Amino acid sequence: MKLTTKIISGIILSAFALSLLFIIGFSFTDRKYFKRAYNNTITRIPQDNMMGIEVEPYRVIVLDTERPDTENNDAYGFGYDECGLFINPAATPDKENKLFIPEALHGFISAKTNDDTLTIRIKIDELRKKYKKEDADNYTFFAGINLHLYTSNTNVINKITSVQTKISNIETDTIRVNAWGDIHIDSCKAIVINPVLEENYRKLTVKNSYARTIHLDLDRINNWNIENCKIKEENLTGSNRHSITKHRNESGTINWYPKNKDAELNIKVQGDVTQIIFQ
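The structure reproduced in this document is the subject of the present report.

Our focus in this paragraph is unusual backbone geometry. Unlike most non-glycine residues, Asn-169 shows phi in positive territory, near 60 degrees. Within the fold, Asn-169 resides in the loop between strand 11 (164-168) and strand 12 (171-179). Classification of Asn-169 as partly exposed rests on a relative accessible area of 47%. Positive phi, close to 55 degrees, is recorded for Asn-208, a residue that is not glycine.

The structure is reproduced here in C-alpha cells:
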C-alpha cells in the first residue's frame, strides 16, 4: 500500500472514530445545551372553548401584530401552516360579523374598526410573557394562533409573515388579498380574484372555485397552483422570464401584460386539445 493511500485511510478512520465517540458521548449527556434552542417553543396554543368578539361594520380587514415602541429585541416566529386567519360565511346568525378565537388567546387579541377598516392585532409581547420559560433564549415560536372571522367581506391585508390567509365558501364580487404569508382560496365564487403575495416565495392556492377574472403578478407569485377551477380570464403580468403550465378547464383566455420589453411568458399545455389565438 502506498504511503499516500495509508495517510488518506488514516484520516478517514480517525474522522469516523471521532464521530462515533461524539455520538456515544452525546447519548450520555442531558443535552440541556442542545435543548435550549427549543425551550421557548410553543408547540400549539390550545384550541379549546372558542369565544366570539363583536366587531363593528367594516369593508377592509387588516391583520397585524401589536408591539410596544421599546428596545425589546426578542424575536418570534409563527408556525408554517400552524397559524392563520380563516374567513368563512356565517352559518348561523350568532356568528355573523364576529371574530372567534381560542379562549387561550383571550386578552391577547384586539379587534377595532376605524372608519371602514377592521384592524385585528396580536399582542405579541404580552403573549410571549405568558408562555416564555425562564431558562429559554429570546426566540419564541408560536403555533395554533388561529382566528376565525365570519363575514362576506374579502378585502384582506395580512401583514404577518407565515400566518396564512384562507378564504372558503364565499360568494362575492371581489376577493382581494394582500398577504405576507400563504394565500388559500377554496370553494369560492367571485367576479374578480386579486391575490398579491408580498413575499414571492410564499404560496398561492386557488381550488374548487369560479371567477370571471383573476389577476396575477408573476413577479410576486413564484409558487402558485390553480386546481379544479373555472376561470374565464387570467390577466398575467411580470417583468422577468416566467413559465406556466396550463391544465384542462383552468381558464378560457390568458392575457399577458409585460411590464417591460424583456419580460417573457412561456406556456406549457398538457392533456387536452387547446386553441391559442394571438392578437
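There's more to say after this.
What follows covers the sheet that holds strand 4 (residues 84-88). Strand order in the open sheet formed by eight strands is 1-5-9-4-11-13-15-17, and the pairing between neighbours is mixed. With one partner strand each, in any of the chains shown, strand 1 (50-54) and strand 17 (223-227) form the two edges of the open sheet. Direction aside, the axes of adjacent strands within the sheet are offset by 15 degrees on average. Alignment of strand 4 against strand 11, held across four bridges, turns out to be parallel.

What follows is about the pairing of strand 13 (residues 183-186). Along any regular strand the residues' side chains alternate between the sheet's two faces. The alternating pattern of strand 13 places Ile-183 and Ile-185 and His-184 and Asp-186 on opposite faces, both of which are buried. Judged from the four bridges that link them, strand 11 and strand 13 form a sheet pairing that is parallel. Of the residues in strand 13, the one forming a bridge with Lys-166 is His-184. Relative to strand 15 (residues 203-207), strand 13 runs parallel, the two being bridged by four bridges. In the strand pairing of strand 15, Ile-183 is matched with Leu-204.

What counts and what doesn't
- Residues numbered from 1 in each chain as written.
- Predicted model: local features only at pLDDT ≥ 70, side-chain atom pairs only at ≥ 80, totals over all residues.
- Heavy atoms only, no water.
- Helix = DSSP H or I, 4+ residues; strand = E, 2+ residues; numbered from the N terminus.
- Buried < 20%, exposed > 50% of the residue type's maximum accessible area, 1.4 Å probe, protein only.
- Pairing = 2+ DSSP bridges.
- Axes fitted to C-alpha atoms, helices over the stretch in contact; angles between N-to-C directions.

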